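Structural overview
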Amino acid sequence: MKKSNIVVLTIAAVVSVFLLGLWFFLGFNQIDSPLDLVVSVIWWVAIVVSVLAIGKVESNRREKIRSVYVGDGHLFNSESGLVAATPGMPLMDSVQNIVENLDYGFEMQDFPEKSEFIPRLLVRTTQYKSQKQEDSSQSHGRLQDQVTWEGEVLFPNSSRARKFTSPEELQSLLSIV
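Quick summary incoming for the structure in this document.

A few words on the overall build of the chain. Summing up its helical and strand segments, the chain has five helices and six strands in all. In sequence order, the secondary structure elements of the chain are arranged as α-α-α-β-β-β-α-β-β-β-α. Compactness check: the chain gives a C-alpha radius of gyration of 24 Å against a globular reference of 16 Å for 177 residues, more than 25% above the reference. A principal-axis box enclosing the C-alpha atoms of the chain has dimensions of 80 × 55 × 25 Å.

This part covers the pairing of strand β1 (residues 68-71). Note that β1 and strand β2 (residues 74-77) share three bridges and pair antiparallel. Note that in β2 the partner of V70 across the bridge is L75.

Connecting β1 to the antiparallel partner β2 that follows it, the hairpin turn spans two residues, and G73 within it adopts a positive phi of roughly 80 degrees. As defined by bridge partners, β2 adjoins strand β3 (residues 81-84) across four bridges and the pair is classed as antiparallel. Looking across to β3, one finds that H74 is bridged to A84. Between β2 and β3, which pair antiparallel in sequence order, lie three residues.

Attention now moves to the nonpolar core. With 21 residues, the main nonpolar core has V95, L121, V123, W149, V153, F164 and L170 as its most contacted residues. Sorting the residues of this core by element identifies β1, α4 (91-100), β4 (119-134), β5 (143-154) and α5 (167-175) as the ones contributing at least two each. Broken down by element, this core gets its largest block of residues, four residues, from α4.

Let us now look at unusual backbone geometry. Only a minority of non-glycine residues have a phi that is not negative, and only a minority of peptide bonds are not trans. The phi torsion at Y104 lies on the positive side, around 60 degrees, for a residue other than glycine. Structurally, Y104 is set in the loop between α4 and β4.

Counted by the stated rule, this structure contains seven aromatic pairs. Between the aromatic rings of W23 and F24, the centroid separation amounts to 5.0 Å while the plane-to-plane angle is 75 degrees, which identifies the pairing as edge-to-face. Given a relative accessible area of 8%, W23 falls into the buried group. Residues F76 and F111 carry aromatic rings whose centres are separated by 4.9 Å and whose planes lie at 70 degrees to one another, so their mutual orientation is edge-to-face. Separated by 35 residues along the polypeptide, F76 in strand β2 and F111 in the loop between α4 and β4 bring together distant segments of the chain. Taking the relative accessible area as the measure of exposure, F76 reaches 4% and is therefore buried. Taken together, the ring pairs in this structure connect Y69, F76, F111 and F117 into an aromatic cluster.

Parameters at a glance
- Residues numbered from 1 in each chain as written.
- Predicted model: local features only at pLDDT ≥ 70, side-chain atom pairs only at ≥ 80, totals over all residues.
- Heavy atoms only, no water.
- Helix = DSSP H or I, 4+ residues; strand = E, 2+ residues; numbered from the N terminus.
- Rg over C-alpha atoms; globule rule 2.2 N^0.38 Å.
- Pairing = 2+ DSSP bridges.
- Core = buried A, V, L, I, M, F, W, Y, C linked by side-chain atoms within 4.5 Å.
- Buried < 20%, exposed > 50% of the residue type's maximum accessible area, 1.4 Å probe, protein only.
- Phe/Tyr/Trp six-rings, centres within 6.5 Å; stacked < 30°, edge-to-face > 60°.

As far as function goes, none of this settles anything; it's purely spatial.
Below you can see the structure in the form of structure tokens.
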């Protein structure tokens, strides 16, 4: 969820609590019906539902952006566009470069025409996290990338979909293509 969404929803909740507290402090609860309290509770529920809905929509949007189509000599991602595969570089490394460098912006590239690009498979990433960790096997204290990568590989011309839970499993799936 974007910071601006969090700020707006937090301000809405704080103002609602303030106004309800003011309603009690000024004694309106003794002369007025409990409608204001009911409206405040409904407002808080609406805020919570909005937070959950925005979080779900953003999660789905990010998952769609992390999808990479792989074709002969090219890769396509909705954010990066059509990218030529680097000769000599393993296919998984090319896919990982795209997934690692995503900005998750709102600018989307159009899918290329069939004359430009025909996908052979789709790498759909559900979770990707890369972090540096100290390599304990070496005394030099060098940092090593620890990658969590989960998702599935779909083959468009068939109904096959193979799940992977690590970069090694993805490498083995991509090596058979």
